[in-house]
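Residue strings, one per chain:
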Amino acid sequence: MENYKVQVSLQHLLEIYVSPRRGSGHPGADTPALPTPPHPGRAAPPPLRMRAARGGPPPPPSAGAKAPAGATRAAAGGGKRRPLRRAQAACAPHIRVLRPPRGAWALSNGPAREGRREGCIVGRRRLFSRRRVAVNPPGRSQQCRAASPPYPPPPSLPPVLLLHPTYTPPPPPARGFKGAEAPIRGTMPNFCAAPNCTRKSTQSDLAFFRFPRDPVRCQRWVENCRRADLEDKTPDQLNKHYRLCAKHFETSMICRSSPYRTVLRDNAVPTIFDLTSHLNNPHSRHRKRIKELSEDEIRTLKQQKIDEAFEREQATQELNESNTQNTVSEEGGEEQEEEAVPLTLEERENKDYLKSLFEILILMGKQNIPLDGHNVDELPEGIFTSDNFQALLEYRINAGDEVLRKRFEMTAVNLEYCSKTQQKQMLEICESCVREETLREVRDSHFFSVVTDEVVDIAGEEHLPVLVRFVDESHNLREEFIGFLPYEADPEILAVKFHTTITEKWGLNMEYCRGQAYIVSSGFASKMKVVATRLLEKYPQAVYTLCSSCALNVWLAKSIPVVGVSIALGTIEEVCCLFNQSPQLLVELDNTISVLFQNNEEKGNELKEICRSQWTGRHDTFEVLVDLLQALVLCLDGVSSDSSVRWSNFIAGRAFVLSSALTDFDFIVTIVILKNILSFTRAFGKNLQGQTSDVFFAASSLTAVLHSLNEVMENIEVYHEFWFEEATNLATKLDVQIKLPGKFRRAQQGNLDSEVTSENYYKEILSVPAVEHIIQELKDIFSEQHLKALKCLSLVPSVMGQLKFNTSEEHHADMYKNDLPNPDTLSAELHCWRIKWKHRGKDIELPATIYEALHLPDIKFFPNVYALLKVLCILPVMKVENEKYEVGRKRLKAYLKNTLTEQRSSNLALLNINFDIKHDLDLMVDTYIKLYPDKVEFQEDFLPSNNSEVTEEA
């Protein structure tokens, strides 16, 4: 039988479609089969169903031919699937099986069909990499068209496009603009290509420019240079290897207005050359030989200069006329709708450039990379190193950022890429856009609360961290950091700036503020209280409360206006910080505790665990400190007097200073008196940080706490006597002399009649002011409105159950009446709410928190209850039930801990703390262009073209 050797071409690939087996359910499974030629000694095989791309039946089969069993089963739609090579022997005169290349695509004008394993995928589908394709050999397509009915293509598909199986698509073009390559930043200097010019790029005050890639402009540069050896070189070669210094360009062609960029104008052509100095020494050998011009060439050059001058004049006149017309139309007052003007090439390139800069700044913020690199004082004189921003900019350029490379490869190497002022402006826009994402959610939630943390030092200035609480659309209570507020020493000025920043700069409506809380360090409490009072005068519903993240006793101690208390709290923080910095010190403290508490190991183990936690923020901080005081003093004394040089000089010195502070009698009396006074509020404060039911019942116990403190105040002499005696015993145990403070003794040296005892002194200076202040603070912070709000917590089903469902929330919810969607139906809705939980099923548990109540499936049927729960949830005194939504404060603490004071930035801090908030780069770019249009116009006016670049100096 004749054996065809087929050379498959692009036109023959996939002309024949091998359809799926019959009954497979695929399109075309029941189309008429194409008969195949006979095989010697066998019956005709069942035809493979094939479709010619141009239509037409194949030749009829011979009678009596026997088909292969595999082919028969495949054609009949049953049996085991066989490769196409089994059927190839029977139909070799008509088709040849080829393996398509990996990744080839086939398009057909017929309906898309998927072939079997031995076939292919025709239509807009990809070929299998290891499958074979049936095609018509040359000379047989007419037979196939004669035997097969035409298969008209659907009108919606494009014409036939057939790919050769051996066709390989060309490789994609190189990335970059017109084949531009990054400049080589080596140590070799660049020499000027102009004849008789010996300048090189090591001259710090001179910029060098590459030859342009535009063939027309490049040819003009070569002609003006008058160097014959450059005429046979391509623009790419000239751009890569040859430079011209700025001395060969007219001043009008070079822009030096920018403090950090030297660029050429788009139509810059070198015109200043020295073409005669070599004639003075005709015997010298010049590498850059000058080409002598003929008269015709000289005449042509002159005519080109005349034409260029005429074109410049004409362009200037057209620009002046268009400006005049625009001025007349504006004076006429004709208001026309602004049409969307498409961006020019320069505008698009400038936007892409700004977007790259914003991406670098956002990366630095998220990764907590400071803007400044090496400190100037650390570097020898005369050595320049780029800051972190410029280093990342250069790294990105070298990594292939074409936008930045187009902009900065035309900049002299000794100039700054991006000024500090521009960096600051862009950082402010980044901060504003990221903050706006959070504030948008706050506005959608309507109600919010404001919380501030302790005053922090940022680059030598005091700032107040501000956080906001709100319930998002998923009914989750969140506490997010939104920025820093510059701290003012004058509380009245601070109150005005605080209000102005929140309302005008950040755009929050304080009418929806339902709570405010301030966590402050010692000495700042009185000022923040003034801020809270001023806000309450304007917004009575912004309830002044305690913050759930701060223990009540610690907050009360920090607010006491006594200098000795502030000094004692600072000493405690320093001791805790020193032991947390050194694990070896903690081990030494454990050993000391074990020796002191040999007879009470349980107490000793408890103290060891406490020492490894943040025990300065506990409700019983002063009780713990009194128990640990002897162990701390012995441990610090051992470290400071150790003779085996186990400890560094820093640790030994700090241990000596802190040991002296702890053994001061003034410190001992202070912590003992605070321990006894705050013992009356310890249980109350602990309940405030407990479950919702604990907070509800704590509000009811406030009266008893105040009653106890008032009783102490009435009998302060008796109570103080016991407290002073305890302090004396502790001082005796530590071998500390009982005496008046040295400052007071020095002040009383001239007063011989004064007979003030230590006990009376500390009563008047410490005990009486502390008790009075704590009573007043509790009354101020737990105002009538605050207590009403806490009593509304009986809406929580678990609290309702503990009260036997005998609650009357409507009497306490009057303060939030305007916040309810349907205040007229509140009473009926509350009745239904109580009945719902009172008659619940036995297997249904009562929700124990506001978080669980807000996530009930049927809460939407109680709109007033839902609104009340949202308002109660955002009160700062209520703790965040889900810890993953309280990350704002934790990230703030981590940023302040991990960042040096001089490297902190309020802008970068917001980006770092809110790193998971989405950001819109296009919005940042548009905002920058809108706020600083002058700079954008400057950048567009002097944006270098794609065909002229400046090389950086070595």
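Here the structure is a predicted model, which means the values were calculated and not measured. (Residues numbered from 1 in each chain as written. Predicted model: local features only at pLDDT ≥ 70, side-chain atom pairs only at ≥ 80, totals over all residues. Heavy atoms only, no water.)

(A) Representation of the overall build of the protein chain within the structure. Assigned secondary structure in the protein chain consists of 34 helices and 17 strands. Going through the 954 residues of the protein chain one by one, you find that 46% of them count as buried. Taking the contacts inside the protein chain whose residues are at least 6 apart along the sequence as the reference set, 74% of them involve residues at least 24 apart. (Helix = DSSP H or I, 4+ residues; strand = E, 2+ residues; numbered from the N terminus. Buried < 20%, exposed > 50% of the residue type's maximum accessible area, 1.4 Å probe, protein only. Contact = heavy atoms within 4.5 Å.)

(B) Structural view of the packing of helix α7 (residues 345–366) against helix α32 (residues 906–913). Where α7 contacts α32, the axes come no closer than 7 Å and their chain directions differ by 75 degrees. In this view, α7 runs roughly perpendicular relative to α32, as classed from their interaxial angle. Contacts between α7 and α32 involve L361, I362, M364, G365 and K366 from the former and L908, L911 and N912 from the latter. Taken together, the residues that form the contact of α7 with α32 break down as five nonpolar, two polar and one charged. (Axes fitted to C-alpha atoms, helices over the stretch in contact; angles between N-to-C directions. Parallel < 35°, antiparallel > 145°, perpendicular 65-115°, else oblique. Nonpolar A, V, L, I, M, F, W, Y, C, P; charged D, E, K, R; others polar.)

(C) Just helix α4 (residues 215–225), in detail. Taken together, the buried positions of α4 are R217, C218, W221, V222, N224 and C225. Down the axis of α4, the sector holding all buried residues measures 165 degrees, keeping them to one side. Those residues of α4 that are exposed and angled more than 90 degrees off the buried face are P215 and V216. Looking at the residues trailing α4, positive phi occurs at R226, about 60 degrees. (Arc of directions from axis to C-beta.)

(D) Geometry of unusual backbone geometry. You will see that N196, though not glycine, has its phi angle at about 60 degrees, which is positive. One can find N196 in the loop between α3 (141–147) and β7 (208–210). Residue N196 is classed as partly exposed on the basis of its relative accessible area, which comes to 24%.

(E) Broad picture of the pairing of strand β14 (residues 477–486). In terms of burial, β14 is a largely internal element, nine of the ten residues being buried. Sheet topology places strand β13 (residues 461–471) next to β14; nine bridges connect them, and they run antiparallel. The residue of β14 that forms the bridge with L467 is F481. (Pairing = 2+ DSSP bridges.)

(F) Looking closely at the packing of aromatic side chains. Overall, the coordinates contain 18 aromatic pairs when judged by the stated rule. Summarising the aromatic geometry, the rings of F665 and Y762 are spaced 6.0 Å apart at their centres and angled 75 degrees between planes, so their arrangement reads as edge-to-face. Residue F665 is located in helix α19 (residues 665–678), and its partner Y762 is located in helix α25 (residues 758–781); the two are separated by 97 residues in the primary sequence. In this structure Y762 comes out as buried when scored by relative accessible area, which is 2%. Ring centres of Y761 and Y762 lie 5.1 Å apart, and the angle between their planes is 80 degrees; this geometry places the pair in the edge-to-face category. No difference in accessibility class separates Y761 from Y762, as the two residues are buried. Ring-pair connections join several aromatic residues into one group, and the members of that group are F209, F211, W221 and F249. Note that K836 overlies the ring of W837, its terminal NZ or CZ placed 4.6 Å from the centroid. (Phe/Tyr/Trp six-rings, centres within 6.5 Å; stacked < 30°, edge-to-face > 60°. Lys NZ or Arg CZ within 6 Å of the ring centre and 35° of its normal.)

(G) Layout of the environment of C218. Looking at the element boundaries, C218 is found in helix α4. Taking the C-alpha atoms as reference points, C218 and P235, separated by 17 residues in sequence, lie 6.3 Å from one another. Beyond its immediate chain neighbours, meaning those up to four positions away, C218 contacts F211, P212, P235 and L238.

(H) Fine view of a positive patch on the surface. A grouping of K739, K743, R745 and R746 is seen on the molecular surface, where their side chains present a positively charged patch. Of note, K743 is situated in helix α24 (residues 742–747). Residue K743 is classed as exposed on the basis of its relative accessible area, which comes to 58%. (Patch = residues over 30% accessible without salt bridge, like charges linked within 9 Å, V, L, I, M, F, W, Y side chains within 5 Å. Areas by Shrake-Rupley, 256 points an atom, 1.4 Å probe, with all protein chains shown as cover. Salt bridge = Lys/Arg side-chain N within 4 Å of Asp/Glu carboxyl O. Lys, Arg positive; Asp, Glu negative; His and termini not counted. Charge placed at Lys NZ, Arg CZ, Asp CG, Glu CD.)

(I) Local environment of the pattern of salt bridges. The final tally for this structure, using the stated rule, is 33 salt bridges. Salt bridges here are not isolated pairs; linked through shared partners, they connect D453, R469, E479, R889 and K893.

(J) Looking closely at helix α30 (residues 863–873). When you tally the buried positions in α30, you get ten out of eleven residues, the bulk of the element. Along α30, the positions that sit buried rather than exposed are N864, V865, Y866, A867, L868, L869, K870, V871, L872 and C873.

(K) Broad picture of the pairing of β13. In terms of burial, β13 is a largely internal element, nine of the eleven residues being buried. Of the strand pairs in this sheet, strand β12 (residues 456–458) and β13 are connected by three bridges, and their pairing is antiparallel. Bridge pairing in β13 links I458 to E461. Connecting β12 to the antiparallel partner β13 that follows it, the hairpin turn spans two residues, and A459 within it adopts a positive phi of roughly 55 degrees. What sits between β13 and β14 in their antiparallel hairpin is a turn of five residues, with H475 showing a positive phi close to 65 degrees.

(L) How the structure looks around the side chain of T452. Tracing the backbone shows T452 in strand β11 (residues 448–452). When residues no more than four places from it in sequence are discounted, the contact partners of T452 are L464, P465, V466, F498, A517, Y518, I519 and M528.

(M) Examining the packing of helix α17 (residues 621–640) against helix α18 (residues 649–662) more closely. In contact at an axis separation of 8 Å, α17 and α18 are set at 145 degrees when each is read in the N-to-C sense. Crossing of α17 over α18 shows left-handed handedness. Along its contact with α17, which presents L629, L632, V633, L636, D637, V639 and S640, the element α18 presents I651, A652, A655, F656, L658, S659 and L662. The residue inventory of the contact of α17 with α18, partitioned by class, reads eleven nonpolar, two polar and one charged. (Left-handed = near helix turned anticlockwise from the far one by under 90°.)

(N) Spatial organisation of the confidence of the model for the protein chain. The share of residues in the protein chain with pLDDT of 70 or more is 67%, and the mean pLDDT across the chain is 75. Ignoring residues within four places in sequence, the model shows residues 940–954, a span with pLDDT below 50, making 78 contacts including any to other chains. (pLDDT = per-residue confidence, 0-100.)

(O) A look at the state of the cysteines. With the rule as written, the count across this model stands at zero disulfides. Unpaired in terms of disulfides, C550 finds its nearest cysteine sulfur in C547, a separation of 7.2 Å. For C550, a relative accessible area of 8% puts it in the buried group. (Disulfide = S-S within 2.5 Å.)

(P) Region of the structure containing the environment of Y816. Within the secondary structure layout, Y816 lies in the loop between α27 (797–802) and α28 (826–838). Placed 302 residues apart in sequence, Y816 and R514 show a C-alpha to C-alpha distance of 9.5 Å. Among all residues touching Y816, those that are not within four sequence positions of it are R514, Q541, A789, L868, V871, L872 and L875.

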